[in-house]
Amino acid sequence: EPRAPPENIAIIGAGIGGTSAAYYLRQKFGNDVKIDVFEKGEVGGRLATVTMQGQEYESGGSVIHPLNLHMKRFVKDLGLSAVQSPSGLVGVYNGETLVYEENSWFIINMIKLIWHYGFQSLRMHMWVEDILDKFMRIYRYQSHDYAFSSVEKLLHSLGGDDYLGLFNRSLLETLQKAGFSEKFLDEIITPVMRINYGQTMDINGFVGAVSMSCTDPGLWAVKGGNKLVCSRLLKASKSNLISGSVMSIEEKTRTKQTGNPTKVYEAVYQTGSETHSAFYDIVLLATPLNRKMSNITFLNFDPPIEEFHQYYEPLVTTLIKGQLNSTVFTSRALDEFDLGTVLTTDNPDLFINSIGFVSSVEESNNPQPKADRAHVWKIFSAGPLTKEQILKLFVSYDYAVKRSWLAYPHYTPPEKCPSIILHDRLYYLNGMEVAASAMEMSAVAGYNAALLAYHRWNGHTHMIDQEDLYEKLKTEL
Ligand SMILES: Cc1cc2nc3c(=O)[nH]c(=O)nc-3n(C[C@H](O)[C@H](O)[C@H](O)COP(=O)(O)OP(=O)(O)OC[C@H]3O[C@@H](n4cnc5c(N)ncnc54)[C@H](O)[C@@H]3O)c2cc1C
Ligand SMILES: CC(C)=CCC/C(C)=C/CC/C(C)=C/CSC[C@H](N)C(=O)O
């Protein structure tokens, strides 16, 4: 007889990871289970917007890759729509001059890239494409309900030891071994790592490939804001949103009038000034568990639940409406400055990682800012910008809005991913970020955790950590 479904499930965190998990748990366990989703801040988490002059702009997760099939499917299933997110013409600034500038003519760009870097740009594109092709296998595995009990086993299922090896070596080591030149690595690869992860090529090779995929055409975003996916997933999953902060989790034994005593988890949480507790059969932790980001204490577990010390990179997103001082980057006349995004090399004198022209969440990016007009620009920096620094970058500005984050893991390969199964029916999603931090990665983690919880609840061990899945499913239609 199939086991009766659980009565209560708790998900801590209403970002894309937690809300994806809620969506898939509902699909697997059916309509009778109660799903509570706890959120201490805004639904969406690191998918967030800031408002300037009545317009909303992405301040957190902004672009989605065309091959991110979970995000694509959510937008379709949840009645949302996409807007294109072109970055406009890209330049690379080294603190003195633009070492590379894109041209609006494709053929000119090809000639410039070959002139400066030979065929390395083409080789890089092929390396990234191979890694993303293998990553796409996860969608077939999950569509057949297969789950993995660790991030390492999931990565290994995509491409064996070599794929897992990406995760254990730095991007620098990987690309040096592949024969890429220092000039190409310093002027093209490092600036992309700086805009996407605020780090250098010391990050692991897998997240480096994920980061480089952001140079592909066809990047998009959700019209109205990427965070809408989370609120719509919550609604579609018929979950209960509890606006409160979970402080502790402890395993308890509950005896009922009928039947045997059962093991449950007690979650103690605060809403406003009041403290409450509730009991759950299954708990999913959909937030980074380091103290600064979630501050959840695991009480009386034996053995104790590991402490999480994963350092997350501080990052500040600043949105400024003003007229860019293009003379910072080039001596050319203002009206000849046509770059939409300026990346930077790893120069300690530079106080920004990047600056890019952005449109509101309601419209597609118009990639061609007019140099003589005030636009909204998004700046990523390690710390808050001073007024002097802003006045260096802008001839004049009307508004500046900033949002500070603990944005992504600080990557230090060889990486050791935290466990997904922390205890019998206690699951952790955000270890996936140690492989790569992106909204699609959290959606994959949410789906995987939902499948894992479902199969472990029902004893479907054959659906977990299956070897050679790629070969097994190759013949499936
Ligand atoms: C500035 C920035 C730019 C980015 N750009 C991109 C991009 O362009 N494309 C892309 O794919 N990714 C991007 N990312 C990464 C992406 O946004 C994240 O990987 C993803 O949103 C993480 O989702 P999550 O649900 O795993 O975690 P989060 O979004 O962090 O959600 C965790 C939630 O848990 C809540 N929480 C924590 N502790 C508790 C508690 N004790 N009780 C209750 N609630 C709790 C938090 O408030 C939070 O809402 C960016 C991130 C940042 C910061
Ligand atoms: C998960 C896979 C296979 C692909 C995801 C690619 C992707 C969208 C990665 C996001 C990387 C990231 C964290 C970017 C942050 S900055 C984004 C953008 N450049 C901006 O300026 O907002």
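Higher on the page you've got the structure.
This section reports on the structure supplied with the text. Position labels on residues start from 1 in each chain and follow its written sequence. Here the convention is simple: chains get letters from A, ligands get numbers from 1, in the order in which they are written. Only residues with pLDDT of at least 70 are given local features in this predicted model, and only at 80 or more are side-chain atom pairs given and counted; all residues enter the totals for whole chains, interfaces and linings. Side-chain numbers come from the whole structure's heavy atoms, not from hydrogens or water.

### What to know about the sheet that holds strand S11 (residues 262–271)
(1) Moving on: Read across the sheet, 4 strands follow the order S12-S11-S10-S14 without closing on themselves; strand pairing throughout is mixed. In this open sheet, the two strands that pair with only one neighbour each are strand S12 (274–280) and strand S14 (297–299). Recorded for the sheet is a direction-independent mean angle of 20° between the axes of neighbouring strands. At least two DSSP bridges between two strands are required for those strands to pair. Helix numbering and strand numbering both begin at the N terminus, where a helix is a DSSP run of H or I of at least 4 residues and a strand a DSSP run of E of at least 2. Fitting a line to C-alpha atoms yields each axis, with helices limited to the stretch in contact; the angle taken between N-to-C directions then spans 0 to 180 degrees.

### A look at helix H3 (residues 106–117)
(1) Moving on: The end-to-end C-alpha distance of H3 is 16 Å, a good match for the 16 Å that 12 residues give at a rise of 1.5 Å each.
(2) Moving on: Burial classes: relative accessible area under 20% of the type maximum marks a residue as buried, over 50% as exposed, and values in between as partly exposed (1.4 Å probe, protein chains only). Taken together, the buried positions of H3 are occupied by Asn109, Leu113 and Tyr117. For H3, the angular spread of the buried residues around the axis is 35°, confining them to a single face. Facing away from the buried side of H3 by over 90 degrees, the exposed positions are Ile107, Ile111 and Trp115.
(3) Moving on: Residues of H3 that are buried in the fold lie against strand S7 (98–101), helix H4 (120–135) and helix H8 (182–197).
(4) Moving on: The positive-phi residue at the C-terminal boundary of H3 is Gly118, with phi of around 65°. The length a helix should cover is 1.5 Å for every residue beyond the first. Arc definition: directions from the helix axis to the C-beta atoms. In this analysis, two residues are considered to be in contact whenever any of their non-hydrogen atoms come within 4.5 Å of each other.

### Focus: the sheet that holds strand S18 (residues 375–381)
(1) Moving on: Spatial ordering of the open sheet is given by S7-S6-S16-S17-S18-S15-S19, a layout of 7 strands whose pairing is mixed. Lying at the two open borders of the sheet, with one neighbouring strand each, are S7 and strand S19 (394–409). Across the sheet, the mean angle separating the axes of adjacent strands is 20° when strand polarity is ignored.
(2) Moving on: The sheet contact formed by strand S6 (residues 89–93) and S7 spans 3 bridges and is antiparallel.

### Considering the site of ligand 2
(1) Moving on: For ligand 2, the set of nearby residues contains 16 residues, the closest of which are Ser62, Asn68, Asn196, Ser213 and Lys378.
(2) Moving on: Taking Asn196, its side chain carries an N or O atom lying 3.2 Å from a nitrogen atom of ligand 2.
(3) Moving on: As used in this structure description, the phrase polar contact means that two N or O atoms lie within 3.5 Å; if the pair is within protein, one of them must be able to donate a hydrogen and the other to accept it, and residues adjacent in sequence are counted only when both atoms belong to side chains. A distance of 2.7 Å separates an oxygen atom of ligand 2 from a polar side-chain atom of Lys378.
(4) Moving on: Those elements giving two or more residues to the shell around ligand 2 turn out to be H8 and S18.
(5) Moving on: Per-element accounting of the shell around ligand 2 gives the leading share, 3 residues, to H8. Nearness of a residue to a molecule or strand requires only that one of the residue's heavy atoms be within 4 Å of it.

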